[in-house]
Amino acid sequence: MEIKLAEIIRSFRKERKLTQEQLAEVLCVTPGAVYKWEAGLSIPDLTLIMEMADFFDTSVDVLLGYEMKDNRLEATVNRLQGYRRSKDWDGLTEAEKALKKYPHSFRIVRESEALYGAFGFETGNKDALRRSLELLRQSLLLLGQNEDPQISEQTLNAKMAMIYLGLEEEEKGIELLKRNNAGGLYNAKIGHALASCKRTEEAVPFLSGALANILLGLCETIIGYFNFFFASGDYTSTQEILQWGIGIFSGLRKDGKPNFLDKINCVLLASLAGSQFMSGKVEAARASLQEAARLAAFFDADPSYDESDIRFISRIEGASTHDDIGATAMDAVGNAVKQFENESLSALWDNITKQEKTNHG
């Protein structure tokens, strides 16, 4: 609750064009008393506040500047989220009040924990991190109330692990992450923590798995954006996202050898050519298809589906690479071109493949 009595008295007095001396005379006090009220150096007693409210034709609440907060659960949750987003650490006091009012609410406990965790990590405050850890344990007990599909026992345990790492209890944090690493979800965090502890050889498999997962997700994301931008007729953004992806994947070739990302890039280049062709950039489309043909021939001459042929990735136990884009990289380009259902583009690709066969005949 914030009281703004000083500035409101001053505002009402000036609105009525009164001096401090005149207001003091009305209330039978000294001008010095009015000065102290407006400077926030003292507060008038309740009787005088009521007299002022009556004199200014307002209510005591308005005079005090008191605004009743909406303390219902939903509003409180939103307010706690706002404190965290704005990094207003005064929200910690609000969180403790909310926890007293709603001690068995998963959402209140979870948002309070998030606020303490953010404050603890931002400022290095260990007590805040410990409070966050307490609230995470409480959240696990209340998990049955959770309706957010992005929150689970796995994610709450992972958050606890990160708090342990923040408290410099590395072994507890790493082991908790490992126990909750279904699907390699926390490979990056585990690898980072292990490397930070100088356990580099142990870190490498986790970092390799993390990078492999990132690349798979990145590929799907780029194709998703391509479909979105192309369907929207935004050919500029279509070409920019594809060019960005091609550059990223090209930078992961190791020792000049082909790797699976080259086959992916063949498809991205074909998609880039299709977008260029549809936007009237015929020569640019030709150049992209020629690059796709050159890269496909490079990959198909010595195809590799081994993840360890990708730069920075070591062999991942139990991993294997599969795709449905074509039996060969050249097939993959042809399939990508067909997706545009454009006879002229298909004819352009046919001419390029014939030329490629002639050059390597």
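Predicted model, so just to flag it, every value in this text is computed and none were measured.

So, the layout of surface pockets
The space that makes up the largest pocket amounts to roughly 900 Å³. Together, 36 residues line the largest pocket, and L216, C219, F260, I264 and D323 are the ones closest to its centre. Counting residues per element, the ones that place at least two in the lining of the largest pocket are helix 13 (200-231), helix 15 (260-278) and helix 17 (329-338). Tallying contributions element by element places helix 13 first for the lining of the largest pocket, with eleven residues. Considering only residue class, the lining of the largest pocket consists of 22 nonpolar, nine polar and five charged. The wall of the second largest pocket is formed by 19 residues, among which F106, R110, N146, D148 and I151 lie closest to the centre. At the level of secondary structure, the elements contributing two or more residues to the lining of the second largest pocket comprise helix 6 (73-85), helix 8 (106-123) and helix 10 (153-166). Sort the elements by how many residues they give to the lining of the second largest pocket and helix 8 lands first, with five residues. The class makeup of the residues in the lining of the second largest pocket is six nonpolar, six polar and seven charged.

Some points on the nonpolar core
Counting 41 residues, the largest nonpolar core has F249, L289 and V333 as its most contacted members. Listed by contribution, the elements that provide at least two residues to this core are helix 13, helix 14 (235-250), helix 15, helix 16 (282-301), helix 17 and helix 18 (343-359). Ranked by the residues each element gives to this core, the list is headed by helix 15, at eleven residues. Excluding its chain neighbours within four sequence positions, the residues that come into contact with F249 are L215, L218, C219, I222, L261, I264, N265 and L268. Judged by nonpolar contacts, the second largest core, of 39 residues, contains Y116, A128, A158 and L165.

With respect to the environment of C197
In this fold, C197 is placed in the loop between helix 12 (187-196) and helix 13. Judged by relative accessible area, which is 27%, C197 ranks as partly exposed. In sequence terms C197 and L140 are 57 residues apart; their C-alpha atoms lie 28 Å from each other.

So, helix 11 (residues 170-179)
One turn of an α-helix holds 3.6 residues; hence residues three or four places apart share an orientation. Inspection of helix 11 places G173, I174, L176 and L177 among the buried residues, and these make up the whole buried set. Buried residues of helix 11 fall within an arc of 165° about the axis and therefore sit on the same side. Taken together, the buried residues of helix 11 touch helix 10 and helix 12.

Points about the pattern of salt bridges
One pass over the full model with this rule turns up 23 salt bridges. Salt-bridge contacts for E122 lead to K87; the nearest nitrogen and oxygen are separated by 3.0 Å. Here E122 is found in helix 8, whereas its partner K87 is found in the loop between helix 6 and helix 7 (91-101), with 35 residues between them in sequence. Among the residues examined, E122 registers a relative accessible area of 48% and is labelled partly exposed. A residue is classified by how much of its surface remains accessible, and K87, at 47% relative accessible area, is partly exposed. Residues participating in the shared-partner salt-bridge network are E171, E175, K178, R199 and E202.

Thresholds applied
- Residues numbered from 1 in each chain as written.
- Predicted model: local features only at pLDDT ≥ 70, side-chain atom pairs only at ≥ 80, totals over all residues.
- Heavy atoms only, no water.
- 1 Å grid on protein atoms, 1.4 Å probe; cavity = no way out; pocket = protein on both sides within 12 Å on 5 of 7 lines; lining within 4 Å.
- Points joined across faces, edges and corners; volume = space filled by probe spheres on them.
- Helix = DSSP H or I, 4+ residues; strand = E, 2+ residues; numbered from the N terminus.
- Nonpolar A, V, L, I, M, F, W, Y, C, P; charged D, E, K, R; others polar.
- Core = buried A, V, L, I, M, F, W, Y, C linked by side-chain atoms within 4.5 Å.
- Buried < 20%, exposed > 50% of the residue type's maximum accessible area, 1.4 Å probe, protein only.
- Contact = heavy atoms within 4.5 Å.
- Arc of directions from axis to C-beta.
- Salt bridge = Lys/Arg side-chain N within 4 Å of Asp/Glu carboxyl O.

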